[in-house]
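Below are the chains, spelled out letter by letter.
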Amino acid sequence: ESRFDQARFIPADAIFALTAQYQEDLSPQKVNLGQGTYRDADGRPWVLPSVKKARESLFEQGLNHEYLPIVGLLKFQQATARLVLGAELSAELGIKVATCQSLSGTGALHLAGLLLRACQKSPPKVYIPEPTWSNHHQVFGSLGFPCESFKYYDHERNDMDIESYYSTLERAEPNSVVILHACAHNPTGLDPSEEHWRQIAHLMKARNLFPLFDAAYLGFNSGNLDEDAFAIRLFIGEMNMEAGICVSFAKNMGLYGERVGCFLLANKSKQIAVNTQSMLEMLQRSEVSNPPAFGARIASQILGRDDLKKMWYADMITMSDRIRSMRNALYDHLVSLGAPGAWEHLIRQSGMFGFLGLSLEIVLRLRGLSSIIILTWRVKEKYHIYMADNSRISIAGLNEGNVEYVARSIAQCLQ
Ligand code: PMP
């Protein structure tokens, strides 16, 4: 008998498992469209020139390996608040914003959950769009929050379902939390328009719902960080709402493995902020003691030096432009190859992902998976294209060398 008899077997994370499957495939044709990590035009991971330069300058300064303070590198947090809120709003709010460096975006979401749970008698309901990034349910579910999905996307029309969104907010239990993808909604690539955001903010304010922004793609989506931060600044600035922001620098700085993130909380008063700040410190101490230093130092260099910040803005344009051009190339190839179906939704979307709208059967076929249904078909051709089960593709995995192969394979499978 073991005290762990009750342990359940949890299947591996689908996206990480997909990467492992891709790595085992020996075909030179293989294409990885699973994990959302940027790749350059040659399909290789890209270290941003601004990051390279910041890294070199850190080494020149002579790094030590001391602990950071519990809530992290102060300069990094201040620069992040200024970056996300904009100089004007962050100066206006001043210390009404509590900040805590986190283990990337995931850690920021988790910290937000810990704080929300610690500040309420019972954990409020968390409304999560459907579909969403799969970890949202795990992070908030594992903290004991009741999670409720609401319809965000209409699979028939391949478009956002804004009416369902509004009606969810109109009947949501007051005091609930709503997870908002600040931009580049994962997986659909569709965001509310500015008018939609205004309406969402009004409805949420009227019902006293707490906006928790998941901001994993600021600047990476459009290439312009201010544009991508529109919704955050609308809620906190113009609408004067209390809101949490979970910032990740994984994508926009390409610092995936360094785990660089920050939780920002715009509070109603300075006194509340002093208290929430102290609670974040206690919660962080008990979870990770203090956050990792290296990545935050890189980000802090970039955000704090005009020359590096300028380079970084150019790097974000490089990444978002390449993704946009690959999105267009995939669309053009699908159309010119006569792939059955309509593909306009692909170019309406933005950000790292394309949400194709393929059935699971087609997705598995593209992965070259043997199943009884496709055994006969396999004799003809086996494909080596790896995408998530819901047919979300990471567009960064496309390049001039493989985009036609991907489009042709999709077209053939649909014929
Ligand atoms: N939120 C969303 C919507 C994401 O897509 C991601 C990354 N895939 C994250 C949060 C967090 O990622 P990380 O913890 O690596 O910053």
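In this numbering scheme, every chain counts its residues from 1 along its sequence in written order. Predicted model: local features are reported for residues with pLDDT of at least 70 only, side-chain atom pairs are reported and counted for 80 or more only, and whole-chain, interface and lining totals are derived from all residues.

With that settled, the discussion passes to the site of the ligand. Any residue whose C-beta atom, as placed from the backbone, lies within 6 Å of a molecule or strand is termed near it. Taken together, the neighbourhood of the ligand is formed by Gly 36, Ser 104, Gly 105, Thr 106, Trp 133, His 181, Asn 186, Asp 214, Ala 216, Ser 248, Ala 250 and Gly 261. Runs of H or I in DSSP of at least four residues are treated as helices and runs of E of at least two as strands, each being numbered from the N terminus. Here the shell around the ligand takes three residues from helix H5 (residues 104–118), the largest share from any one element. By the convention adopted, Pro, Cys, Tyr, Trp, Phe, Met, Ile, Leu, Val and Ala count as nonpolar, Lys, Arg, Asp and Glu as charged, and the other residues, Gly among them, as polar. Looking at side-chain class alone, the shell around the ligand contains three nonpolar, eight polar and one charged residues.

Criterion used throughout: strands pair if DSSP finds at least two bridges between them. Two elements, strand S3 (residues 126–130) and strand S4 (residues 147–151), share five bridges in a ladder whose sense is parallel. Each bridged residue has a counterpart across the sheet, and for Tyr 127 the counterpart in S4 is Glu 148. Regarding topology, helix H6 (residues 135–142) serves as the crossover connection from S3 to the parallel S4, and that connection is right-handed. Whether a crossover is right-handed comes down to one check: with the strands pointing away from the viewer, does the path from the first strand over the helix to the second run clockwise; if it does, it is right-handed.

The strand order across the open sheet built from seven strands is S2-S10-S9-S8-S7-S3-S4, with neighbouring strands paired in mixed fashion. With one partner strand each, in any of the chains shown, strand S2 (97–103) and S4 form the two edges of the open sheet. On average, each strand axis in the sheet is tilted by 25° relative to the strand beside it, whichever way the strands run. With four bridges joining them, strand S8 (residues 210–215) and strand S9 (residues 243–248) adopt parallel strand pairing. Bridging across to S9, Asp 214 finds its partner in Cys 246. Every axis in this analysis is a line fitted to C-alpha atoms, fitted for helices over the stretch in contact. Angles between the N-to-C directions lie between 0 and 180 degrees.

Moving on, we get to helix H13 (residues 306–336). Structural remark: α-helix, 3.6 residues per turn; residues separated by three or four positions point the same way. Expected span of a helix, by definition, is 1.5 Å for each gap between consecutive residues, and there is one gap fewer than residues. With 31 residues, H13 ought to run about 45 Å at 1.5 Å a step, and its terminal C-alpha atoms sit 45 Å apart, in line with that. Every buried residue of H13 is accounted for by Trp 312, Asp 315, Met 316, Met 319, Ser 320, Ile 323, Met 326, Arg 327, Leu 330, His 333 and Leu 334. Two residues qualify as a contact pair if the distance between their C-beta atoms, derived from the backbone, is within 7 Å. Residues of H13 that are buried in the fold lie against helix H2 (49–61), helix H9 (225–228), helix H12 (294–304), helix H14 (344–348), strand S11 (353–355) and helix H17 (403–414). Trailing H13 by a residue or two, Gly 338 shows a phi angle of about 70°, which is positive. Whether a residue is buried, exposed or partly exposed follows from its count of other C-beta atoms within 10 Å of its own C-beta, namely 20 or more, 12 or fewer, or something in between, respectively; the C-beta atoms are built from the backbone.

Mapped onto the elements, Leu 234 comes out in helix H10 (residues 230–238). In this structure the C-alpha to C-alpha distance between Leu 234 and Ser 409, which are 175 residues apart in sequence, comes to 43 Å. Residues in contact with Leu 234, not counting those within four places in the same chain, are Trp 197, Arg 198, Ala 201 and Met 239.

Turning to the nonpolar core, a few remarks are in order. If you look at the biggest cluster of nonpolar residues, it comprises 114 residues, and the most contacted ones within it are Val 84, Ala 215, Ile 232, Leu 264 and Ala 299. Here this core gets seven residues from one element, more than from any other, and that element is H13. Sequence-distant contacts of Leu 264, that is, excluding residues within four places in its chain, are made with Thr 80, Ala 81, Val 84, Val 97, Thr 99, Ile 245 and Val 247. Joining buried Ala, Val, Leu, Ile, Met, Phe, Trp, Tyr and Cys residues through C-beta atoms within 7 Å gives a set, and that set is a nonpolar core.

Any functional reading would require information that these geometric values do not contain.
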